[in-house]
Amino acid sequence: MRVHTDSAPAPEGRGLQSPAYGVPSPALLARADRGYARFLAQRNEDQDDRADGDEDTQR
């Protein structure tokens, strides 16, 4: 019976992750900037999300 004596862990590869894993896309950063600007904007109680009074449901 052979005993495995190598105690070093196997090298880890990236596996299925892309090289840009964890890096936000420019579109995501732009959307976050718009959302943060909306969050910081001062709002009146009469002000709606859109001019026609409907809520923006595609958020």
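Below, the structure is looked at part by part.

Conventions used here
Residues numbered from 1 in each chain as written. Predicted model: local features only at pLDDT ≥ 70, side-chain atom pairs only at ≥ 80, totals over all residues. Heavy atoms only, no water. Helix = DSSP H or I, 4+ residues; strand = E, 2+ residues; numbered from the N terminus. Buried < 20%, exposed > 50% of the residue type's maximum accessible area, 1.4 Å probe, protein only. Areas by Shrake-Rupley, 256 points an atom, 1.4 Å probe, with all protein chains shown as cover. Patch = residues over 30% accessible without salt bridge, like charges linked within 9 Å, V, L, I, M, F, W, Y side chains within 5 Å. Salt bridge = Lys/Arg side-chain N within 4 Å of Asp/Glu carboxyl O.

1. Thoughts on the overall build of the protein chain
Phase 1: Assigned secondary structure in the protein chain consists of 1 helix and 0 strands.
Phase 2: Split into buried and exposed, the 59 residues of the protein chain put 0% on the buried side.
Phase 3: By element, 51% of the accessible surface of the protein chain is carried by carbon and sulfur atoms, the whole surface being about 6,400 Å².

2. Focus: a nonpolar patch on the surface
Phase 1: Residues Tyr 36, Phe 39 and Leu 40 make up a contiguous nonpolar surface patch of roughly 400 Å² in combined accessible area.
Phase 2: Note on placement: Phe 39 falls in helix H1 (residues 26–40).
Phase 3: Exposure remark for Phe 39: the relative accessible area of 65% places this residue in the exposed category.

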